[in-house]
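Structural overview
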Amino acid sequence: MKTLRHTISFFKFFKPYLFFLTISLVLPLLLGAVVYSIFQASLPRELPIGLIDKDQSTLSLEVGFDLEATSVLHISKRYQNLQQAKDDLSVGNIYGLVLIPEGFERNVRLGRGSEIPLYYNAQFVLIGKAINGAFSQVIAALNAKVGVLRGLVESKVFAASLPQALPIKLNFHALYNPNNNYAQFLLTLILPCIWQILTALGMLNLLDKPSKFKSNSQALGVNVAIFACWGVVMLWFFQGLGYPMEGSYSILFLGVLVLAASISGIVLCIQAVLKDSAKSIGVIAAYTAPSLAFAGITYPQNAMDSFALFWSHILPISYFMELYLQQANYGLDIAESLKTLAQMLPFLLFCPLGLLIGTVRVGDGIF
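Everything numeric in this text was worked out from a predicted model, so none of it was measured.

A look at the overall build of the protein chain
Scanning the protein chain from terminus to terminus reveals 15 helices and four strands. Split by element, the accessible area of the protein chain, about 20200 Å² in all, is 64% carbon and sulfur.

Focus on the packing of aromatic side chains
One pair of aromatic rings is described through two measures. These are the centre distance and the angle between the planes. Inspection of the entire model under this criterion finds seven aromatic pairs. Arranged with centres 6.3 Å apart and planes meeting at 10 degrees, the rings of Trp 195 and Trp 230 form a pair that is stacked. Here Trp 195 is found in helix H7 (residues 182-207), whereas its partner Trp 230 is found in helix H8 (residues 216-240), with 35 residues between them in sequence. Residues Trp 195 and Trp 230 agree in their burial class; the two are buried. Taking the centre distance of 5.7 Å and the plane angle of 25 degrees together, the rings of Tyr 249 and Phe 253 count as stacked. Linking Tyr 249 with Phe 253, this pair stays in helix H9 (residues 249-274), spanning four residues, or about one helical turn. Using a relative accessible area of 30% as the deciding quantity, one classes Phe 253 as partly exposed. Through successive ring pairs, a cluster of aromatic residues spans Trp 195, Trp 230 and Phe 320.

Brief notes about the sheet that holds strand S2 (residues 73-78)
One key point about sheets: their strands pair by backbone hydrogen bonds, in either a parallel or an antiparallel sense. The sheet built from four strands is open, its strands ordered S2-S1-S3-S4 with mixed pairing. The open sheet has two edge strands, S2 and strand S4 (118-120), and neither has a second partner. Going across the sheet, the axis of each strand differs from the next one's by a mean of 30 degrees, ignoring polarity. Note that strand S3 (residues 96-100) and S4 share three bridges and pair antiparallel. If you follow Gly 96 over to S4, its bridge partner there is Tyr 120. Most of the contacts of helix H2 (residues 58-69) go to S2, to which it runs at about 130 degrees, and overall it touches strand S1 (47-53), S2 and S3.

Focus on the confidence of the model for the protein chain
The predicted model of the protein chain has a mean per-residue pLDDT of 77, with 74% of residues at 70 or higher. No element of the protein chain has a lower mean pLDDT than helix H6 (residues 158-165), which averages 47, and none a higher one than H9, which averages 93. Taken together, the stretch residues 10-15 has pLDDT below 50 and engages in two contacts with residues farther than four places along the chain or on a different chain. Low confidence marks residues 157-162, where pLDDT is under 50. Its contacts with residues over four positions away, or in another chain, come to nine contacts.

Points about the nonpolar core
Counting residues in each nonpolar core, the largest one holds 56 residues, and the members touching the most others are Trp 195, Phe 238, Ile 317, Phe 320, Met 321 and Tyr 324. The element that contributes the greatest number of residues to this core is H9, accounting for twelve residues. Setting aside chain neighbours within four positions, we find Tyr 324 in contact with Thr 188, Leu 235, Phe 238, Leu 252 and Asn 329. Membership of the second largest hydrophobic core comes to 21 residues, among which are Leu 59, Val 63, Val 98 and Ala 130.

Quick look at the pairing of S2
Relative to S2, S1 runs parallel, the two being bridged by five bridges. Residue pairing across strands places Leu 51 opposite Arg 78, the latter belonging to S2. You can see the chain leave S1, run along H2 and come back into S2, and the turn it takes is right-handed.

Comments concerning the pairing of S3
Across the five residues that make up S3, a large majority, five, are buried. By the alternation rule, side chains of S3 split into Gly 96, Val 98 and Ile 100 and Leu 97 and Leu 99, which are all buried. Of the strand pairs in this sheet, S1 and S3 are connected by five bridges, and their pairing is parallel. Counterpart to Gly 50 in the pairing with S3 is Leu 97.

Description of a nonpolar patch on the surface
A cluster of nonpolar side chains, Leu 254, Leu 257, Ile 334 and Leu 338, forms an exposed patch at the surface whose accessible area comes to about 310 Å². Of all the secondary-structure elements, those providing two or more residues to the nonpolar patch are H9 and helix H14 (334-342). Secondary-structure assignment places Leu 338 in helix H14.

Structural notes on H9
With 26 residues, H9 should reach 38 Å at 1.5 Å per residue; the first-to-last C-alpha distance of 37 Å fits that figure. With 19 of 26 residues buried, H9 lies mostly within the body of the structure. A side-chain oxygen of the first residue of H9 lies 3.1 Å from the backbone nitrogen of Ser 250; this N-cap is Ser 248. Just downstream of H9, Lys 275 is the residue with a positive phi angle, here 55 degrees.

Comments concerning the packing of H7 against H8
At a minimum axis separation of 10 Å, H7 and H8 run at an interaxial angle of 160 degrees. Accordingly, the angle class assigned to the pair H7 and H8 is roughly antiparallel. Two packed elements cross with a definite hand, and for H7 against H8 that hand is right-handed. Seen from H7, the contacting residues are Leu 187, Thr 188, Leu 191, Pro 192, Trp 195, Leu 198, Thr 199, Gly 202, Met 203, Leu 206 and Leu 207; seen from H8, they are Asn 216, Ala 219, Leu 220, Val 222, Asn 223, Phe 227, Trp 230, Gly 231, Met 234, Phe 237 and Phe 238. When its residues are assigned to classes, the contact of H7 with H8 shows 16 nonpolar, six polar and no charged.

The rules behind each value
- Residues numbered from 1 in each chain as written.
- Predicted model: local features only at pLDDT ≥ 70, side-chain atom pairs only at ≥ 80, totals over all residues.
- Heavy atoms only, no water.
- Helix = DSSP H or I, 4+ residues; strand = E, 2+ residues; numbered from the N terminus.
- Areas by Shrake-Rupley, 256 points an atom, 1.4 Å probe, with all protein chains shown as cover.
- Phe/Tyr/Trp six-rings, centres within 6.5 Å; stacked < 30°, edge-to-face > 60°.
- Buried < 20%, exposed > 50% of the residue type's maximum accessible area, 1.4 Å probe, protein only.
- Pairing = 2+ DSSP bridges.
- Axes fitted to C-alpha atoms, helices over the stretch in contact; angles between N-to-C directions.
- Contact = heavy atoms within 4.5 Å.
- pLDDT = per-residue confidence, 0-100.
- Core = buried A, V, L, I, M, F, W, Y, C linked by side-chain atoms within 4.5 Å.
- Right-handed = clockwise from strand over helix to strand, strands pointing away.
- Patch = residues over 30% accessible without salt bridge, like charges linked within 9 Å, V, L, I, M, F, W, Y side chains within 5 Å.
- Salt bridge = Lys/Arg side-chain N within 4 Å of Asp/Glu carboxyl O.
- Expected span 1.5 Å × (residues − 1).
- Polar contact = N/O pair within 3.5 Å; in protein donor to acceptor, adjacent residues only side chain to side chain.
- Parallel < 35°, antiparallel > 145°, perpendicular 65-115°, else oblique.
- Left-handed = near helix turned anticlockwise from the far one by under 90°.
- Nonpolar A, V, L, I, M, F, W, Y, C, P; charged D, E, K, R; others polar.

What follows is the structure, given as C-alpha cells:
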C-alpha cells in the first residue's frame, strides 16, 4: 500500500511534465503532417499561362502543343492582343504569357532566327522560376528538333545530322534533391525553425512556473530533454518520408541536443535580464522569427549583405541546418561536421550565464 501511495504521488507530481513530453513527441508528427500536406505536390504543376499566336503556322502550333505537354504549364487561355493578356496577368488569372510573332516559322526555316517573348510575374519567385525553366526546356527541345531536321536535309543521314544539331550535350548530375522535390526542400527547413520557436516558448513557459521547480536549472534540464526528443522524432519523420540520409544519425542527434540547449539557454538569459514574460516573448519573437530567411537555405549566406549575414551567424539554427545538409545529403566525414558542431558550442554559454544572472538578481533582492 505504501509503494502504491508513493507511485501515485510520483505520477501526480510529474503529470504536467509527462503530458508535456507526450505532446512534444506527437507534435512534430502533427506539424510535419500539416506542412507536408501543403507541399505534397512537391513541384508546381499546371500553372495557367496565356498564348498569343500571331503566326498560326505548323511550327507555332507545335510550340503551343509542347508548352501544354509539360507538367508545369497549362495554356488556360489564348489571346488576340497583349492588352487582353495584360489585364489577366495583372490580376493573377494567368502567371505568364507566350507571344509567337508573325513570320515565326518562315524566319526559322530560312535560318534567320526568331524570338519568342515570355512575359511572367517575377514577384512570385517559385512560380516565375518554374515557368522560366519549363519554357526554356521547350525552346531548347524545339531548337534541337529544327536543327536535326535541317541537318537531315543536308546530309540525308539521321546519325550524321544529330551531332550537327547538338554539338554540345548536357549531362546533369544533381547532388542534392535531384528530383527538385519542393516539399523536401521546404519541410527540412520549416520544421526545424518551428522546433526552434517551440523550444524557446517551452522554456519561457517553464520559467513562468517557478513553484514546480526548485531552481531554473531544473526547468532548463526538463526543457532540453523534452525538445531534444522533439528533434529526434523530427529526424525520424524525415526518414519515414524517404528523405536522404547519407551520413550519421549520431552526429545529428548531438546537434539536436546542442541546439535545444542553446535556444533554452538564450531564453533563460533573456528572461533573467528582463524578468517580464511579455517583453521576453517580444525579444524572442524578433530573434527567432527571421530564421526561415536567415538560416542559409532559402537565401544562401554568400549572397547576404552584412546585416543579414550577421543575423544568420547569431542564430544557432543556421549551424544546425548546415550540419543537417552535410550529413543527410552529402554524407560528409564526421570530423568535418564536428567543426560545424563546434561553432554551435559558444551558444551553450548562455545556459550558465542565464543561471548566474538569475541567481545574482534574486540574491540582490531585485526580484
